[in-house]
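# Observations on the three-dimensional arrangement
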Amino acid sequence: MSVDLSIAVTDNPNIHVNHPGWADHTLFDTLAFDQKLGSGMPTVTLFKDVLAQTQQELDRRYRAGAEISNLVCGRAWFMDELLRRAWRLFDWKNSEHLSLLAVGGYGRGELHPHSDIDLLLLMRGDQSAINREALSKFFTFLWDIYLEIGLSVRTIVQCREEAVKDITVATSLMESRTIVGPAANPESLRLEMIALTQDASVWPAREFFTAKRDEQIARHNKYYDIDYALEPNVKTSPGGLRDIQTIGWIAKRHYDADNLADLVALGFLLPSEYEQLYKGEQLLWKLRYGLHLLAGRKEDRLLFDKQRDLAAMFGFQDDNKSLAVEKLMQEYYRAVATLRALNDVLLQHFDEAILRAGEKVEITRINNRFQIRNNYIEVTDSGIFKRFPFALMEVFVLMAQNPEIKGVRAATIRLIHEYRTLIDSKFRVDIRNTTLFMELLRSPNDLTTQLRRMARYGILGRYLPEFGAITGKMQHDLFHIYTVDAHTLQVVENMRRFRLPEAKDLYPIAAHIITKLPKVELLYIAGLYHDIAKGRGGDHSTLGMEDATAFCQRHHLSAWDTKLVCWLIGKHLLMSMTAQRKDISDPEVIQDFAVQVGDKLHLDYLYALTVADINATNPTLWNAWRASLLRQLYLSTKKALRRGLENPIDRQDRIKDKQESALLKLRDKGLSDAEIQSIWENTDDEYFVRESAANIVWHTESIARHKQQHGAEETLILVQDTADSLADGATHIFIYTVNRRHLFASSAAAMEQLGLNIQDARIFTSSKNFCMNTYSVLEMDGTAIGDNPQRVSQIKKLLCEYLAEPSAHLRVSRKRRSRKLQHFGQQVETAVINKDGQPWSTLEVNCIDKPGILAAIGKVFAEQEIQLLNARIATLGERVEDLFFIADANDQPVCNPLAIEKLQKALQLELEA
């Protein structure tokens, strides 16, 4: 049976376990238990059995869709009753000076299946009064019944001392609750302790607020201050349960509020805000309970496998637009975004009420609608948004135009929330609002800060409903590490970063381009809309172009501007795919790309969008290698456009130019023309097309020296970082050897064994059966090998060992895949593509990344007598998307359907093994 994820708001959602009369004897029949306890049954067995039975009943109710607060609070009530009975088994003596308190989350009356059960044994006077034998037996008994507890033993005075030193102790004590106390007055010791630990001298309200706010900031920073992590923690991630608790702690300390409902009565919290907090908490409780249930232990992280299981448990199903797990996570992300926004406004309210109380007021009037109060913007009266709805847009423009404004006053944020429903279809076409939004996009300051604020306050998703549709939408893989809305805003932020001084070193071409674009706001619009149609089904680029067209027309952009924006959205993957999946050393590839781009202006816009997009998809994707590929594609295309699309570079002219340039340098190095030609005659034109002049010189000189010293048959292995513009940022491994079966497979196996990631492979086999293979590689951290003679020696030694007997080294040692990768499927997708007039076939291989893939593919090539001409290797998150340019044993494309089917089946069997 599936669990209902929806939350119903009850008449009294704040029923607490210590509320007078709260009990659930259908969960735990206290009378029946007491009778068994007095019947002589083994005590430990009795307690263990009732613990197991009660948890099973709670789990049954959870799966049946019971209200989560009844389960969480019910388990705490049950634990109270059980601990009281365990306490009575022992002779405590001086019991009028002892109390057993629940503290922390248990003190709040909340217990999930494997939550911490934190207890405080509180004493009046010194610790000598305690019966230590009883304490030891009590603690041992709890362990014997498999109850994991955290037990502290303190006097009232010690509680104060610890609270002064540690705010977490002060917070925990603040939430304490009596389980067992003196018979005459059970609450007496706890109240004495509260009086001593919560007076004004122990963490005054101002210091308490500051400490808790800083504590939250530090906690958020651990998650990079994002609430859309792939595997979030429902308790501690931004927007999680701890954010709700932080509000409660501050409210209790400053207002002496027992719960959030008290803040409504005090006028501090609006009923609508309380309802949102309650709904959010209930959702997070449902998820947390489910995580504990599935894991069988304390687990607050929404790990990939648990996301899938919870989605099934909650009744979500896959469809042609999105996976069940993506639907579950979208609900989670939207809920925590709401909680994050509420947390912001309430902490801002606390800041004004606690830190800024009594502060000298300085007001600067901006216009008739807005003013700045002590560096925070506010409306001049509460009716502004009702009378002037366009002010809902204006406030963000004013903040972008006035950098001295630190934020928005809490009362104004609430008004924004209240009146955002005014944003409708009429509002979206109002010339005042469209003008203000374009003014914001053209603002030189704080654009992404304001866009994120608009999103958090619920304005951006209403003004751009298509953006609202992608809010919280995730893609269930390791390639896209952000939700679609977060990725979109990060793309725009990356575009803005290109203007910063440090961008000249990190993104030199983009930093130069961004200052030359005639209308940079068109780039931002393309950034906002390039993924706007994700999750709708169909081609998201095509659907995004339709949305972008409507946006441009609504905002009165010219036909030319609209066409440019839509072209960028339609082509936003073109440059990265060309750079990573095609041979950009081939003039024909450059010419084809240049034709699609058309002119330098389109090239500049597309390059800036591509670099921003890659960095916002997954920061680990951006390294020196990918940067060099895009740079080379940009520069080569720029040359082609300058030369004219009608004047493509001639292939033979390019070969001749490289040979003449290399010849001059080789002569300078002392090589004769005869030596040079004896090496070059073993190559074909493709080698000179695809290799740079610098590499041709390096290879030729090295082969010539090697022949002189070792003869022609000895394997030559070269390793060096290269300044070759095409492979800048990588290390080249050049192998010159007699051709043999399994050569590529054993080479790949050796490099994988060495922990090297192959980024590119250029495979040349001469007419005299010699191989001249160049591999561009990176270390596991994405860097080149660098000046490391020991590492270079290690690489050469292992490669020589593997190449001496290629067939004996086709497998790398098995390595355990990461937990994240184990979650994703084993599906292998292959395709063989043949184009008219092309003397090779293109083999695409898409599968989960794991050690030995290239070696396995090479083994299949050898067994199927497939020649590898070239390879482009791309790892995207948890998947590899590799391209291999292949021919059959007769140097012809692999066109026979039976041969293609045989190759694909062999690859699937080998890669899935």
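Since this is a predicted model, take the numbers as computed values, not measurements. (Residues numbered from 1 in each chain as written. Predicted model: local features only at pLDDT ≥ 70, side-chain atom pairs only at ≥ 80, totals over all residues. Heavy atoms only, no water.)

It is worth spelling out the overall build of the protein at this point. Each helix and strand counted, the protein has 41 helices and 17 strands in total. In terms of its C-alpha atoms, the protein occupies a principal-axis envelope of roughly 110 × 75 × 50 Å. Taken over 913 residues, the protein has a buried fraction of 57%. Contacts in the protein between residues far apart in sequence, at least 24 positions, make up 72% of those at least 6 positions apart. Charge centroids of the protein, computed over 111 positive and 121 negative side chains, lie 2 Å from each other. (Helix = DSSP H or I, 4+ residues; strand = E, 2+ residues; numbered from the N terminus. Buried < 20%, exposed > 50% of the residue type's maximum accessible area, 1.4 Å probe, protein only. Contact = heavy atoms within 4.5 Å. Lys, Arg positive; Asp, Glu negative; His and termini not counted. Charge placed at Lys NZ, Arg CZ, Asp CG, Glu CD.)

Another point: the pairing of strand S2 (residues 117–123). Successive side chains on a regular strand alternate, one facing one side of the sheet and the next facing the other. Burial of S2 is extensive: 6 of the 7 residues sit out of reach of the surface. With 5 bridges joining them, strand S1 (residues 98–102) and S2 adopt antiparallel strand pairing. The residue of S2 that forms the bridge with Ala102 is Leu119. Relative to strand S3 (residues 149–155), S2 runs parallel, the two being bridged by 7 bridges. Paired with Met123 across the strands is Thr155, a residue of S3. (Pairing = 2+ DSSP bridges.)

Once that is clear, we can look at the pattern of salt bridges. For side chains of opposite charge, pairing can occur when their charged atoms come near one another. Counting across every chain of the model gives 53 salt bridges. A salt bridge links Arg369 to Glu394, with the nearest nitrogen and oxygen atoms 2.7 Å apart. Of the two residues, Arg369 sits in the loop between strand S5 (363–365) and strand S6 (370–373) while Glu394 sits in helix H16 (residues 391–401), which places them 25 residues apart along the sequence. Here Arg369 and Glu394 have matching classes, each one buried. Two residues, Glu910 and Lys859, come together in a salt bridge whose shortest N-O distance is 3.5 Å. Highlighted residues: Glu910 in helix H41 (residues 897–912) and Lys859 in helix H40 (residues 853–863), separated in sequence by 51 residues. Here the residues in one salt-bridge network are Arg213, Asp214, Asp351, Arg356 and Glu359, joined through shared partners. (Salt bridge = Lys/Arg side-chain N within 4 Å of Asp/Glu carboxyl O.)

Spatially, the 4 strands line up as an open sheet ordered S5-S6-S7-S8, and their pairing is mixed. Of all the strands in the sheet, the pair left with one neighbour each is S5 and strand S8 (407–408). Judged from the 3 bridges that link them, S5 and S6 form a sheet pairing that is antiparallel. Paired with Thr364 across the strands is Ile372, a residue of S6. Relative to the sheet, helix H17 (residues 410–419) contacts strand S7 (376–379) and S8, its axis offset from that of S7 by approximately 50°. (Axes fitted to C-alpha atoms, helices over the stretch in contact; angles between N-to-C directions.)

Where helix H23 (residues 484–497) contacts helix H26 (residues 520–529), the two axes come as close as 8 Å, and the packing angle between them is 155°. Judged by the inter-axis angle, H23 sits roughly antiparallel to H26. The hand of the H23/H26 crossing is right-handed. Residues Thr488, Leu489, Val491, Val492, Met495 and Arg496 of H23 form the contact with H26, whose participating residues are Leu523, Tyr524, Gly527 and Leu528. Per-class residue counts for the contact of H23 with H26 are 7 nonpolar, 2 polar and 1 charged. (Parallel < 35°, antiparallel > 145°, perpendicular 65-115°, else oblique. Left-handed = near helix turned anticlockwise from the far one by under 90°. Nonpolar A, V, L, I, M, F, W, Y, C, P; charged D, E, K, R; others polar.)

What follows covers helix H38 (residues 789–804). Between its first and last C-alpha, H38 extends 22 Å over 16 residues, near the 22 Å set by a 1.5 Å rise per residue. On its buried side, H38 packs onto strand S9 (716–721), strand S10 (731–738), helix H37 (743–753), strand S11 (756–762) and strand S12 (770–779). (Expected span 1.5 Å × (residues − 1).)

Below, the discussion takes up the nonpolar core. Within the largest apolar cluster, 210 residues are counted, with the highest numbers of intra-cluster contacts made by Tyr106, Leu142 and Phe437. The element that contributes the greatest number of residues to this core is helix H14 (residues 324–355), accounting for 16 residues. Residues in contact with Tyr106, not counting those within four places in the same chain, are Ala76, Met79, Asp80, Leu83, Leu111, Asp116, Ile117, Asp118, Leu119, Arg177 and Ile179. Listed in part, the 50 residues of the second largest apolar core include Leu754, Leu756, Ile758 and Val894. (Core = buried A, V, L, I, M, F, W, Y, C linked by side-chain atoms within 4.5 Å.)

An order of S3-S2-S1-S4 is seen for the 4 strands of this open sheet, with the pairing classed as mixed. The two strands at the open ends of the sheet, each matched to only one other strand, are S3 and strand S4 (177–180). Neighbouring strand axes in the sheet, compared pairwise and without regard to direction, differ in orientation by 30° on average.

This part is about the packing of aromatic side chains. All chains considered together, the criterion is met by 34 aromatic pairs. Between Phe28 and Phe33, the ring centres sit 5.4 Å apart and the planes meet at 65°, which makes this aromatic pair edge-to-face. Phe33 matches Phe28 in its accessibility class, with the two residues each being buried. Measuring from ring centre to ring centre gives 4.6 Å for Tyr62 and Tyr289, while their planes differ by 20°; the resulting arrangement is stacked. Note that Tyr62 is positioned in helix H2 (residues 43–63) and Tyr289 in helix H12 (residues 271–295), a separation of 227 residues in sequence. Summarising the burial analysis for this pair, Tyr62 and Tyr289 share the class buried. (Phe/Tyr/Trp six-rings, centres within 6.5 Å; stacked < 30°, edge-to-face > 60°.)

On to the confidence of the model for the protein, then. Taken as a whole, the protein shows an average pLDDT of 88; of its residues, 93% reach a score of 70 or greater. With pLDDT under 50 throughout, residues 6–21 is counted as low confidence; its partners more than four residues away or in other chains account for 30 contacts. (pLDDT = per-residue confidence, 0-100.)

Moving on, we get to the pairing of strand S15 (residues 867–872). Strand direction decides the pairing type here: S11 and S15, joined by 3 bridges, are antiparallel. Among the inter-strand pairings, Ala761 is bridged to a residue of S15, identified as Ala871. Inspection of the sheet shows S15 paired to strand S17 (residues 879–887) by 5 bridges, in the antiparallel sense. By the bridge assignment, Asn870 is partnered in S17 with Phe885.

Turning our eyes to something else, we now look at a negative patch on the surface. A surface patch of like charges, here negative, comprises Asp650, Asp653, Asp657 and Glu660. Counting through the fold element by element, Glu660 comes out in helix H33 (residues 651–668). Glu660 gets classed as partly exposed once you look at its relative accessible area, which sits at 44%. (Patch = residues over 30% accessible without salt bridge, like charges linked within 9 Å, V, L, I, M, F, W, Y side chains within 5 Å. Areas by Shrake-Rupley, 256 points an atom, 1.4 Å probe, with all protein chains shown as cover.)

Attention shifts here to the environment of Leu664. Looking at the element boundaries, Leu664 is found in helix H33. Along the chain, Leu664 and Asp787 lie 123 residues apart, while their C-alpha atoms are 28 Å from each other.

Moving on to the environment of Lys639. Of note, Lys639 is situated in helix H32 (residues 624–643). Judged by relative accessible area, which is 53%, Lys639 ranks as exposed. Distance from Lys639 to Lys600, taken between C-alpha atoms, is 9.7 Å for residues 39 residues apart in sequence.

Taken as a whole and judged by the stated rule, the model has 0 disulfides. In this model Cys800 remains outside any disulfide bridge; the closest cysteine sulfur is found in Cys771, 15 Å from its own. For Cys800, a relative accessible area of 40% puts it in the partly exposed group. (Disulfide = S-S within 2.5 Å.)

Glancing now at unusual backbone geometry. You will see that Trp203, though not glycine, has its phi angle at about 50°, which is positive. At Asn375, a position not held by glycine, the phi torsion is positive, near 75°. Topologically, Asn375 is positioned in the loop between S6 and S7.

A separate point is the side chain of Asn846. Within the secondary structure layout, Asn846 lies in strand S14 (residues 841–848). When its relative accessible area of 15% is taken as the criterion, Asn846 is described as buried. Setting aside residues up to four positions removed in sequence, Asn846 forms contacts with Gln827, Val828, Glu829, Arg879, Val880, Glu881 and Asp882.

With that settled, consider the environment of Cys847. Following the sequence through the fold, Cys847 ends up in strand S14. The spacing of Cys847 and Thr140 is 707 residues in sequence and 53 Å in space, taken between C-alpha atoms.

Here we take up the side chain of Arg428. Along the chain, the position of Arg428 falls in helix H18 (residues 425–429). Asp424 provides the closest opposite charge to the buried, unpaired Arg428, separated from it by 6.2 Å. If sequence neighbours within four positions are ignored, Arg428 has contacts with Ile423, Thr434, Arg462, Tyr463, Pro465 and Arg554.

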